[in-house]
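Letter by letter, the chains look like this.
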Amino acid sequence: MAKIKLEYIWLDGYFPTQNMRSKTKVEEHENFQGTVEELGLWSFDGSSTKQASGGASDCILKPVAIYPDPDRINGYLVMTEVMNADGTPHISNGRATIEDDDNDFWFGFEQEYFIMDSKTQLPLGFPVGGYPGPQGMYYCSVGGKNTFGRSFVEEHADLCIDAGLNFEGINQEVASGQWEFQLFAKGAKKAGDEIWIARYLLDRLTEKYGWYIEYHPKPIKGDWNGSGMHANFSNTILRTCGSAEKYAEICEAFRPVTKEHIAVYGEFNDQRLTGDHETASINDFSWGVSDRGASIRIPIIAVEKGYKGWLEDRRPSSNGDPYKIAARIIKTVKPVK
């Protein structure tokens, strides 16, 4: 028998931006295989997370995904859904709203974020009382003059890979102290699980650096890029149709539900989606081939393959919930046959 540490991770009831919460459960197992089926339900005090009242405070944690914890001996990261005491999904449970039981939808999320110094409350590379050099030299840069936080970002990448996430890349972004990582998964629920686990590892890593992660889509006002979480998505139709007309039909399906998408694409997104800094205006909807200023971009690679590939929704913000974003995209795209 071996004791294992199970870190149960869930999303709280704060609205519109939820926070991650977690607690450790130590169990004895014989020949533990690291599967969800081996895990039991657990409860927590929902009155402390805006998910229940004090008089009926128990909420249930239902394990939905498990990954090795690369930073703990005999440790595992357990992504969970929050359920009511009667077993129904809690109102804060965005994962339960995803209609993708056959995993036909594939998602690749590009998570941007700022690394912030806890002492200065500024992004890395920003001097106290002033500003670094203007944007231009930070994007995909190398060297101590323009690159800040690389060792941290590399460590996070290693943690994600060691945890078994389908981690696809990292790069420094347009502003000083701003970075991005990419994850891809076949199945919308799995894609959301892996983004949240990657965020958990990112946030936990900051604890030993004296830093924190800022997911606000526009933390630095002025002529600085904001942070998004571009959602690259496809289903069987997009991957195989070979039709420019079908791509146009799917893009146009987003137009009448623009407000519904923006409503779940992240808080404070109006500060980022201004029409400047490689964004479309939050008040407009547009799409185009290879257009990074459009709401939805048709990648040039998909066009070169004869309209077989994917689309990129560039509107989701860095603090958006990938579960809710994926659920809304599926709801819009799925009716198009």
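Residues numbered from 1 in each chain as written. Predicted model: local features only at pLDDT ≥ 70, side-chain atom pairs only at ≥ 80, totals over all residues. Heavy atoms only, no water.

A.B. asks: Even after reading the chapter, I still don't get the UniProt feature "domain: GS catalytic" (unreviewed entry) in the protein, so can you show me in this structure?
C.D. replies: Per the UniProt annotation, the sites labelled "domain: GS catalytic" (unreviewed entry) are residues 89-337. The span residues 89-337 shows a helical share of 28% and a strand share of 19%, and its end C-alpha atoms are spaced 30 Å apart. (UniProt positions renumbered as here; feature names shortened; annotations may be inferred. Helix = DSSP H or I, 4+ residues; strand = E, 2+ residues; numbered from the N terminus.)

A.B. asks: Can you walk me through the sheet that holds strand S2 (residues 20-29) in this structure?
C.D. replies: As a general point, the strands of a sheet are linked pairwise by backbone hydrogen bonds and lie either parallel or antiparallel. Taken in spatial order, the 5 strands of this open sheet run S2-S1-S5-S4-S3, and their pairing is mixed. For this open sheet the edge positions go to S2 and strand S3 (42-45), each flanked by a neighbour on one side alone. Within the sheet, the average angular offset between the axes of one strand and its neighbour, ignoring direction, is 40°. Inspection of the sheet shows S3 paired to strand S4 (residues 58-68) by 4 bridges, in the antiparallel sense. Opposite phenylalanine 44, over in S4, you have cysteine 59 as the bridge partner. (Pairing = 2+ DSSP bridges. Axes fitted to C-alpha atoms, helices over the stretch in contact; angles between N-to-C directions.)

A.B. asks: When you look at the nonpolar core in this model, what are you seeing that I'm missing?
C.D. replies: Generally speaking, nonpolar side chains in soluble globular proteins are found buried as a group. One finds Met79, Phe107, Tyr113, Ile115, Leu311 and Ile329 to be the most contacted residues of the largest nonpolar core, which totals 64 residues. For this core, the element with the most residues is helix H2 (residues 188-206), which contributes 10 residues. With residues up to four places along the chain from it excluded, the contact list for leucine 311 reads Ala231, Asn232, Phe233, Leu238, Tyr247, Ile250, Cys251, Ile296, Arg297, Ile298 and Pro299. Within the second largest apolar cluster, 13 residues are counted, among which are Ile4, Phe32, Leu39 and Cys59. (Core = buried A, V, L, I, M, F, W, Y, C linked by side-chain atoms within 4.5 Å. Buried < 20%, exposed > 50% of the residue type's maximum accessible area, 1.4 Å probe, protein only. Contact = heavy atoms within 4.5 Å.)

A.B. asks: So what exactly am I meant to see when it comes to the packing of helix H1 (residues 150-162) against H2 here?
C.D. replies: Helices that pack against each other are described as a pair by the angle of their axes relative to one another and the distance between those axes. Orientation of H1 relative to H2, taken along the N-to-C sense of each, is 135°, at an axis distance of 10 Å. Viewed along their axes, H1 and H2 adopt a mutual orientation that is oblique. As for the relative orientation of H1 and H2, their crossing is right-handed in sense. Residues Phe152, Glu155, His156, Leu159 and Cys160 of H1 touch H2, and the partners they reach there are Ala198, Leu201, Leu202, Leu205 and Thr206. Split into classes, the residues belonging to the contact of H1 with H2 amount to 7 nonpolar, 2 polar and 1 charged. (Parallel < 35°, antiparallel > 145°, perpendicular 65-115°, else oblique. Left-handed = near helix turned anticlockwise from the far one by under 90°. Nonpolar A, V, L, I, M, F, W, Y, C, P; charged D, E, K, R; others polar.)

A.B. asks: Can you help me understand the pairing of strand S6 (residues 106-117) in this one?
C.D. replies: Looking along a regular strand, one sees the side chains alternate between the two faces of the sheet. Burial of S6 is extensive: 11 of the 12 residues sit out of reach of the surface. Relative to strand S9 (residues 178-186), S6 runs antiparallel, the two being bridged by 9 bridges. Paired with phenylalanine 107 across the two strands is alanine 185, which belongs to S9. Direction of pairing for S6 relative to strand S11 (residues 229-234): antiparallel, over a ladder of 6 bridges. Pairing of glutamine 111 across the sheet is with methionine 229, part of S11. The sheet contact formed by S6 and strand S7 (residues 122-123) spans 2 bridges and is antiparallel.

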